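# Topology and contacts: notes
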Amino acid sequence: MRNVTLPIMLAASFSVVGPVYPVHAETDLGKVVSGIAQSLIAQETEKNAYISAQRLNTTRAYRDYLAKYPQGLYRANAEQALAKLGADVPVAPEVSTPPVAGRSQAAIEESIGLTRTQRMQIQRQLTAVGYPTGGADGLWGSKTRDAIARWQKANKLGVTGYVTSRQVSLLAKQAGSDVGSAPEAPSANDDVLEERLLSLTFDERREVQRRLTSLGYNTYGVDGGFGANTRRAMTAWQRDEGLRASGYITADQLRELRKQSGD
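Cut-offs used in this document
Residues numbered from 1 in each chain as written. Predicted model: local features only at pLDDT ≥ 70, side-chain atom pairs only at ≥ 80, totals over all residues. Heavy atoms only, no water. Helix = DSSP H or I, 4+ residues; strand = E, 2+ residues; numbered from the N terminus. Buried < 20%, exposed > 50% of the residue type's maximum accessible area, 1.4 Å probe, protein only. Contact = heavy atoms within 4.5 Å. Salt bridge = Lys/Arg side-chain N within 4 Å of Asp/Glu carboxyl O. Expected span 1.5 Å × (residues − 1). Phe/Tyr/Trp six-rings, centres within 6.5 Å; stacked < 30°, edge-to-face > 60°. Core = buried A, V, L, I, M, F, W, Y, C linked by side-chain atoms within 4.5 Å. Arc of directions from axis to C-beta. Axes fitted to C-alpha atoms, helices over the stretch in contact; angles between N-to-C directions. Parallel < 35°, antiparallel > 145°, perpendicular 65-115°, else oblique. Left-handed = near helix turned anticlockwise from the far one by under 90°. Nonpolar A, V, L, I, M, F, W, Y, C, P; charged D, E, K, R; others polar.

## A short note on the overall build of the protein
Along the protein, the regular secondary structure elements total 12 helices and zero strands. When the helices and strands of the protein are listed from N to C terminus, the series reads α-α-α-α-α-α-α-α-α-α-α-α. Across the 263 residues of the protein, 29% fall into the buried class. For the protein, the proportion of contacts with a sequence separation of at least 24, taken over those separated by at least 6, is 42%.

## Concerning unusual backbone geometry
A positive phi is found at N57, a non-glycine position, where the angle reads about 50°. Its place among the elements puts N57 in the loop between α2 (20–56) and α3 (59–68). For N57, a relative accessible area of 41% translates into the label partly exposed.

## Describing the pattern of salt bridges
Scanning all chains against the criterion turns up eight salt bridges. Residue R231 is joined to E195 by a salt bridge in which the shortest nitrogen-to-oxygen separation is 2.9 Å. Pair noted here: R231 is in helix α11 (residues 228–240) and E195 is in helix α9 (residues 188–198), with a separation of 36 residues, a long-range link. In this structure E195 comes out as buried when scored by relative accessible area, which is 5%. With its nearest N and O atoms 2.4 Å apart, the salt bridge here joins R255 to D252.

## What about helix α6 (residues 116–128)?
With 13 residues, α6 should reach 18 Å at 1.5 Å per residue; the first-to-last C-alpha distance of 18 Å fits that figure. Within α6, the full set of buried residues consists of R116, R119, M120, Q121, I122, Q123, R124, Q125 and L126. Directly beyond the C-terminal end of α6, a positive phi value near 105° is found at G130.

## Focus on the packing of aromatic side chains
Across all of its chains, the model carries three aromatic pairs by this definition. Centroid distance Y50 to Y62: 6.4 Å. Interplanar angle 45°. Geometry classified as tilted. Note that Y50 is positioned in helix α2 and Y62 in helix α3, a separation of 12 residues in sequence. By relative accessible area, which is 3% here, Y62 ends up buried. Geometrically, the ring pair formed by Y65 and Y69 is tilted, given 5.4 Å between the ring centres and 35° between the ring planes.

## What to know about the environment of G247
Structurally, the position occupied by G247 is in the loop between α11 and α12 (251–261). The buried category is assigned to G247, whose relative accessible area is 0%. Separated by 21 residues in the primary sequence, G247 and F226 place their C-alpha atoms 9.6 Å from one another. Once residues lying within four places of it in the same chain are set aside, the contact partners of G247 are E195, R231, M234, T235 and Q238.

## Structural notes on the nonpolar core
If you look at the biggest cluster of nonpolar residues, it comprises 12 residues: L114, I122, L126, Y131, W140, A147, I148, W151, L157, V163, L170 and L171. Secondary-structure elements contributing two or more residues to this core are α6, α7 (142–154) and α8 (165–175).

## Details of α8
The set of residues buried in α8 consists of Q167, L170, L171 and A175. Around the axis of α8, the buried residues are gathered within 130° of arc, so they sit on the same side. Buried residues in α8 make contact with α6 and α7. Downstream of α8 by one or two residues, G176 has phi in the positive range, about 75°.

## What about the environment of R206?
Residue position: R206 is located in helix α10 (residues 202–214). Taking the relative accessible area as the measure of exposure, R206 reaches 34% and is therefore partly exposed. When the C-alpha positions of R206 and G225 are compared, they lie 7.7 Å apart, and in sequence the two are 19 residues distant. Apart from residues no more than four positions distant in its own chain, R206 is found in contact with V222, D223 and G224.

## A closer look at the packing of α3 against helix α4 (residues 75–84)
At their nearest, the axes of α3 and α4 sit 10 Å apart, and the two run at 155° to each other. The angle between α3 and α4 falls in the class roughly antiparallel. In terms of crossing hand, the pair formed by α3 and α4 is left-handed. Contacts between α3 and α4 involve T59, Y62, R63, Y65 and L66 from the first element and R75, A78, A81 and L82 from the second. When grouped by side-chain class, the residues that make up the contact of α3 with α4 number six nonpolar, one polar and two charged.

Structure (structure tokens):
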């Protein structure tokens, strides 16, 4: 009797335990399918909203679509349609995204690749819309950063003191075409001023000498002093790179030097 009972108990045990895993798998699969279905429904709903606006082909219809779907799949199409109708195209709102680990707001601004001429223009635009920067020299110190921050706050943007590409476009639109373009390109004398304003530390000066030497422009010493040998090496590097051969380094050139020689 004992030999008969044990197989029956084992069989009963497997019959209970066996289906547990498939139940969870079916539940997870159901969630995935449901999520996909909802996404497809949302896309179809948006598509129909845009088609409706397209049929009406009016400023109000396209604006209604953009208001409902500010980051929609057909935003570019709606903007083009508004432009053809001669209507103002609303600026897309800032997309709030979590910061990338290890990437600061300064790094995000740097990735735009603003030239000094562009930075000068932005300073003029900020001043034109009521946020004076104390000058338009392309050197963004505390006054310019404060002006950017105050402008961001007034426009209900993230207050960082650093601009994004979308904010640069918005500012240009607000300032209009009355703000003149940048004057003549900066000269070698401007480089002397910019290097002084960089306030390079002793270690940073040694870094510049070390990086120049590693690229084949020997400074004949890494002592933190920018003497004749360092100036000659810097001038040679600038000339080879098609930059102003002033022998004085700017913020943009320092970034380029670091990029070439590796961090």
